[in-house]
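Listed below are the residues making up each chain.
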Amino acid sequence: MGTHLYLDLLVLAVFAMTVANADINVVCANNSVRVTWRVNAELVPYAARLFLGNCMASQWKVLPSGEGEAQFNYTFSECKFTKMVKGKRIFYQNEMSYRPQTKPNPPDFVHPIECVYRRPKDWIPRFVNPGYVVSEGHGRLVFHMALLNEELSSIAKTNIIPLGSPMPIWAAVEQKSHQPLLLLMEECVAAPTAELRPGSQVYPIIGNKGCLLESKKENSMFLPRYHSSSIILYLQSFNFGFREVYIHCKLAVWDPQNFAESKKACHYIKGTNRWELLDDPSRSSLCNCCDLSCKSRSRRGVEWASDGPSHNSVLGPLIIVDQSDLRDSDTMMESDVTIV
C-alpha cells in the first residue's frame, strides 16, 4: 500500500513538472481569443482535462513528435471570461488549467490569460444611458449616485463590501441643455448616519473644493471620464470607524471650459508626488492649493453664478466587513441609494 501511494505521488509530481513547462501561445482578436497549448507526450492521454475557463479544447491533435497540441478558439462571451475596465483600457481575463481530478478538487496547474484593448472613445458603461431626459436650461437637474461593481460594468448587486476591496462610486447629472455640463464632487465625507447634524462624526474623503484627500493616504483616485456629466470616485474600502457607512457628497455642475481652484477634480499621484487635475493634467497647477486652502473666485464670462448649481447626495448604507465575516453571512442586502 505504501509503495502504491508513493508511486501515485511520484506520477503526480512528474505530471506537475510536465504541465509547468507547458508551451502556451495566446492570440487576441477583436472579440475572441485563440490559445494554443502544446503539452508533452505524458499528458496526451489526459487532453480532456485541459481547460480554458470552463471550456475544453475546440481542436486537439497529436504531433509527429508525440507531443499534443490543444487549440481553444472562443469569444469573450464564452468560457467565463471576466471583463474589467480600468482607465482607458478594457481587460478580458481567464485561466488555462489542468484538472486531473473533477471539481471541487483544485487544478494542478493554472496559467493566466489576458487580452487588453484600448477603450473606444465613445464607450459608455451599460448602466448609463447618455440620452438623459432632463429639465431645460439651468432649472431642476436630476443627480444620481451609486455604488458600482468591481468591473465597473453595472450597479453593484450588494451593499456588503469586503475590507480592502475596491469601492467605486459613480455620480452623474442628467442633462439636455444647450451646453455640456461638467459634474464635480466638491466635498465628500463618510458618516455613520444618513443625515448630517452639527457635531456628527465624519471621515473626510474629498475636501478643499474638489481635492481627493484620501488619494494621499490610500489607493484612491478619480477614474478617467467617459462623459463630462459623470464621474467615478475609485476608493479602496477600509475601516472608517463605523460598521454602516453613508457617503455624503456635494455634487456641483460647472462649465467644462472654465476650471478654477474652486471648480476642479484633483487627485494625488504618488509616483510623481504631485496633485493632478483629472480633466487636464497640463493645468494641474490649479491643484497646488489642495495642501493649503482653495478659495472661490468670481470669473467673468461664466454664464452661471460663481458657485454654479449643486446638490447634496447620500449613498448608503454600505457595510464594510472582514472576509471572515463575509463568509459567515447568510444574507446579502441589496444596494440602497438615497438622493437627498
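Note that this is a predicted model, so its numbers are computed, not measured.

S.K.: Explain the pairing of strand β12 (residues 166–173) to me, please; I cannot follow it from the model alone.
M.R.: Each regular strand carries side chains that alternate between the two faces of the sheet. Counting buried residues in β12 gives seven out of eight residues, a clear majority hidden from the surface. Pairing between strand β10 (residues 143–147) and β12: five bridges, direction antiparallel. Counted as the bridge partner of M145 is A171 from β12. By the bridge criterion, seven bridges tie β12 to strand β17 (residues 230–236) in an arrangement that is antiparallel. For P168, the partnering residue across the bridge sits in β17 and is Y234.

S.K.: Looking at this structure, I do not really get the nonpolar core. What am I missing?
M.R.: A general tendency of soluble globular proteins is for nonpolar side chains to be buried together. With 50 residues, the main nonpolar core has I169, M185, I205, F222, L233, F240 and I247 as its most contacted residues. Among the nonpolar cores identified, the runner-up in size contains 24 residues, and V33, W37, L50 and M96 belong to it.

S.K.: Sorry if this is basic, but what is going on with the side chain of N208 here?
M.R.: By secondary structure assignment, the location of N208 is in the loop between β14 (203–207) and β15 (211–212). In this structure the side chain of N208 is engaged in a polar contact, spanning 3.2 Å, whose partner is the backbone oxygen of C290. There is a polar contact of 3.2 Å between the side chain of N208 and the backbone oxygen of L292. What N208 contacts, discounting residues up to four positions off in sequence, is E187, K264, C289, C290, L292, S293 and C294.

S.K.: Looking at this structure, how should I read the sheet that holds strand β16 (residues 221–222)?
M.R.: Think of a sheet as strands paired side by side through backbone hydrogen bonds, with each pair either parallel or antiparallel. As summarised here, the arrangement of the four strands in space is β10-β12-β17-β16, forming an open sheet in which the pairing is antiparallel. The strands lining the two open edges of the sheet, one partner per strand, are β10 and β16. With two bridges joining them, β16 and β17 adopt antiparallel strand pairing. Looking at β17, one finds that F222 is bridged to L233.

S.K.: I would appreciate a short explanation of the packing of aromatic side chains in the present structure.
M.R.: Between two aromatic rings, the relevant description is the distance of the centres plus the angle of the planes. For the structure on display, the rule yields 10 aromatic pairs. Between W37 and F109 the ring centres are 5.8 Å apart and the planes differ by 45°, which places this aromatic pair in the tilted class. Here W37 is found in strand β2 (residues 32–39), whereas its partner F109 is found in strand β9 (residues 109–118), with 72 residues between them in sequence. Accessibility expressed as a relative area gives 0% for W37, which makes it buried. What makes F109 buried here is its relative accessible area of 14%. Among the aromatic side chains, those forming a connected cluster through ring pairs are F76, F81, Y92 and Y117.

S.K.: Would you take a moment to explain unusual backbone geometry for this structure?
M.R.: Of the consecutive residues G316 and P317, the connecting peptide bond is found in the cis state with omega at 0°. Relative to the assigned elements, P317 resides in strand β21 (residues 310–321). For K80, which is not a glycine, the phi torsion comes out positive at approximately 65°. Within the element layout of this structure, K80 appears in the loop between β6 (68–75) and β7 (82–86). Within the chain, L152 stands out as a residue other than glycine whose phi angle is a positive 60°.

S.K.: In this structure, what is going on with the state of the cysteines? I would like to understand it.
M.R.: Working definition of a disulfide: a covalent bond connecting the sulfur atoms of two cysteines. The tally for this structure, following the rule as stated, stands at six disulfides. Residue pairing for C211: its cysteine sulfur links by disulfide to C290, the two sulfurs lying 2.0 Å apart. A torsion of -80° about the S-S bond marks the disulfide between C211 and C290 as left-handed. Separated by 79 residues along the polypeptide, C211 in strand β15 and C290 in the loop between β20 (274–277) and β21 bring together distant segments of the chain. Each member of the pair, C211 as well as C290, carries the same accessibility label: buried.

S.K.: Would you explain the sheet that holds β2 in this entry?
M.R.: An order of β1-β2-β6-β5 is seen for the four strands of this open sheet, with the pairing classed as antiparallel. The open sheet terminates on both sides in strands that have one partner only, identified here as β1 (23–28) and β5 (59–62). Neighbour to neighbour, the strand axes of the sheet diverge by 10° on average, direction disregarded. By the bridge criterion, eight bridges tie β2 to β6 in an arrangement that is antiparallel. Within β6, the residue paired with S32 across the bridge is T75.

S.K.: Would you explain the pairing of β14 in this entry?
M.R.: Counting buried residues in β14 gives four out of five residues, a clear majority hidden from the surface. Examined bridge by bridge, strand β13 (residues 182–191) and β14 share three bridges and lie antiparallel to one another. Bridge pairing in β14 places V189 opposite P204. Where β14 lies against β15, two bridges are found, and the strand directions are antiparallel. In the sheet register, I206 faces β15, and the bridge partner there is L212. Connecting the antiparallel pair β14 and β15 is a turn made up of three residues, with N208 showing a positive phi of about 55°.

Basis of the calculations
- Residues numbered from 1 in each chain as written.
- Predicted model: local features only at pLDDT ≥ 70, side-chain atom pairs only at ≥ 80, totals over all residues.
- Heavy atoms only, no water.
- Buried < 20%, exposed > 50% of the residue type's maximum accessible area, 1.4 Å probe, protein only.
- Helix = DSSP H or I, 4+ residues; strand = E, 2+ residues; numbered from the N terminus.
- Pairing = 2+ DSSP bridges.
- Core = buried A, V, L, I, M, F, W, Y, C linked by side-chain atoms within 4.5 Å.
- Polar contact = N/O pair within 3.5 Å; in protein donor to acceptor, adjacent residues only side chain to side chain.
- Contact = heavy atoms within 4.5 Å.
- Phe/Tyr/Trp six-rings, centres within 6.5 Å; stacked < 30°, edge-to-face > 60°.
- Disulfide = S-S within 2.5 Å.
- Axes fitted to C-alpha atoms, helices over the stretch in contact; angles between N-to-C directions.

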